[in-house]
Amino acid sequence: MKSLLYLLLIVICFITEAFSQETPLSPKNHSVNVNLVKNEKSDMSWFMIQDTVKIELGKVHTEVKKIEDTLYVITRINMKQSSTQWIDRTIVAISNFKPLYHSSYNQQREMVLKFGEKVTGYYLDKKTGTKNDISEETTAPYFDSNFYPQLIRWLPLEEGYANTIKIFDYNPTAKIGTMTATIKQVSSSVMNLKQKEVAVWKVEVTDDISDNTAISTYYIDQNTRKILQQDIDFKGRMMSLEIIEAKD
């Protein structure tokens with residue numbers, strides 16, 4: 001009898017553990033509220049923080065646009081110390097947010113990724129003039145790493161929510177391939193915005209791109225689900241993106 005009870009206890013513990021482990025979010029398994037996905041534009045100031053001093057690095061303009069069955073996220077960055085605009089474009093399928101295309105152009109590099117059975121494209125290092133052709137095999141569904149910060153704000157956020165997200169990232173000087181982003185913690189908070197108190201979801205996220213050493217904290221308006229602020233802590237080096245204006 002004792003052996004039977006012990007065996008039963010092991011089975012119960014195994015089942016409980018299996019059900020307690022969330023399946024990572026991916027285009028084949030996501031809980032995004034598609035009604036929250038809307039055409040919109042936002043402008044943010046990008047700061048580096050040293051002690052209590054904020055030094056503005058530039059402005060970030062982001063546009064989210066639905067065109068037929070695809071969703072475009074276009075980011076333009078104007079750095080104070082540069083006359084060249086940084087432009088990133090990400091295209092995903094609206095039905096499941098499966099990645100279709102990503103491009104990134106700035107002073108340091110050019111990159112184009114086309115997502116299909118393989119990830120193809122190129123990466124040009126402008127400093128060295130080295131150009132790498134990209135052809136990466138993938139075996140599991142994933143989101144584009146450049147898209148997942150948008151994805152987070154449309155999830156069913158609530159106190160205590162946590163999950164993992166499968167992503168693909170390409171960086172020849174760091175990591176290449178599928179990896180994981182982790183929503184570590186979600187809590188309800190209030191922030192002051194233009195002399196008004198706004199209820200926000202405070203979402204703490206890390207990912208394998210930085211070996212989980214960089215912590216991004218997003219402050220997401222609970223009503224509109226727009227990102228009002230993003231704080232980044234990378235081994236004690238602090239940066240912040242703060243909303244200037246958001247409009248549909």
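The structure presented is a predicted model; accordingly, all values stated were derived computationally and were not measured.

Asks: Hey, could you go over the overall build of the chain for me, with residue numbers and the actual values?
Replies: The helix and strand inventory of the chain stands at two helices and 15 strands. Taking all 248 residues of the chain together, 41% fall into the buried category. The contacts in the chain between residues at least 6 apart in sequence include a share of 40% that link residues at least 24 apart. When the accessible surface of the chain is totalled, it reaches about 14,300 Å², and 51% of it is carbon and sulfur.

Asks: Break down the pairing of strand β1 (residues 40-50) for me, citing the residues and quoting the values.
Replies: By the bridge criterion, eleven bridges tie β1 to strand β2 (residues 53-67) in an arrangement that is antiparallel. Paired with Q50 across the strands is V53, a residue of β2. Linking β1 to β2, which pair antiparallel, is a turn of two residues; within it D51 sits at a positive phi near 60 degrees.

Asks: Can you explain the environment of F47? Please cite residues and give values.
Replies: Structurally, the position occupied by F47 is in strand β1. Overall, F47 belongs to the buried group, its relative accessible area being 14%. For F47 and S240, which are 193 residues apart along the polypeptide, the C-alpha to C-alpha distance reads 5.1 Å. Ignoring any residue separated from it by four or fewer positions in sequence, one finds F47 in contact with K54, I55, E56, L57, M238, M239, S240 and E242.

Asks: Hey, could you go over the pattern of salt bridges for me, with residue numbers and the actual values?
Replies: With the rule as written, the count across this model stands at seven salt bridges. Ionic pairing is found between E40 and R153, a salt bridge with its closest N-O pair at 2.7 Å. Of the two residues, E40 is situated in strand β1 and R153 in the loop between α2 (148-152) and β10 (163-170); the sequence distance between them amounts to 113 residues. Taken as a pair, E40 and R153 share a single burial class, namely buried. In this structure, K54 and E242 form a salt bridge, with 2.8 Å as the shortest nitrogen-oxygen distance. Of this pair, K54 sits in strand β2 while E242 sits in strand β15 (residues 237-247), and the two are 188 residues apart along the sequence.

Asks: Pulling in residues and values, what's your account of the confidence of the model for the chain?
Replies: Chain-level statistics for the chain give a pLDDT mean of 89 and a share of 90% at 70 or above. Of all helices and strands in the chain, the one with the weakest mean pLDDT is helix α1 (residues 2-20) (40), whereas strand β5 (residues 99-105) scores best (98).

Asks: Just give me the short version of the side chain of Q230, but keep the residues and values in it.
Replies: Following the sequence through the fold, Q230 ends up in strand β14 (residues 227-234). Within the structure, the side chain of Q230 is placed 3.4 Å from the side chain of S216, a separation counted as a polar contact. Contact partners of Q230, with chain neighbours within four places excluded, come to S216, T217, Y218, M239, S240 and L241.

Asks: Describe the packing of aromatic side chains, naming the residues involved and giving the relevant values.
Replies: Applying the stated rule across the entire model yields eight aromatic pairs. Both rings, one in F115 and one in F168, keep their centres 6.1 Å apart while their planes meet at 85 degrees; by these two values the pair is edge-to-face. On the criterion of sequence distance, the pair formed by F115 in strand β6 (residues 109-115) and F168 in strand β10 is long-range, its members being 53 residues apart. With relative accessibility at 10%, the residue F115 sits in the buried group. Looking at F168, the relative accessible area reads 1%, which means it is buried. Here a set of aromatic residues connected by ring pairs shows up, and it is made of F97, F147 and W154. The ring of F47 carries K54 above its face, with NZ or CZ at 4.5 Å from the centroid.

What counts as what
- Every chain begins its residue count from 1, and numbering advances along the sequence as written.
- Reporting in this predicted model follows two pLDDT cut-offs: at least 70 for local features of residues, and 80 or more for side-chain atom pairs to be given and counted; totals over whole chains, interfaces and linings ignore these cut-offs and use all residues.
- To get the side-chain values, all heavy atoms of the structure are used, and hydrogens and water are removed first.
- Runs of E in the DSSP output that reach at least two residues are strands. Runs of H or I that reach at least four are helices, and both are numbered from the N terminus.
- Partly exposed describes any residue whose relative accessible area lies between the buried limit of under 20% and the exposed limit of over 50%, with all areas from a 1.4 Å probe on protein chains only and scaled to the type maximum.
- Throughout, a residue-residue contact means that at least one pair of heavy atoms, one from each residue, lies within 4.5 Å.
- Throughout, the Shrake-Rupley method with a 1.4 Å probe supplies accessible areas, and for residues the shown protein chains are the sole cover considered.
- A strand pair is defined by DSSP finding two or more bridges across the two strands.
- Here a salt bridge means any side-chain nitrogen of Lys or Arg lying within 4 Å of a carboxyl oxygen belonging to Asp or Glu.
- A residue's pLDDT is simply how confident the predictor is in it, with values from 0 to 100.
- Within 3.5 Å is the distance limit for a polar contact, defined as a pair of N or O atoms, with the added protein rule that one can donate a hydrogen and the other accept it, and that residues adjacent in sequence qualify only through two side-chain atoms.
- Here a pair means two rings of Phe, Tyr or Trp (six-membered ring of Trp) with centres within 6.5 Å. Their orientation is stacked below 30 degrees between planes, edge-to-face above 60, and tilted elsewhere.
- Any Lys NZ or Arg CZ found within 6 Å of a ring centre and within 35 degrees of that ring's normal is scored as a charge over the ring.

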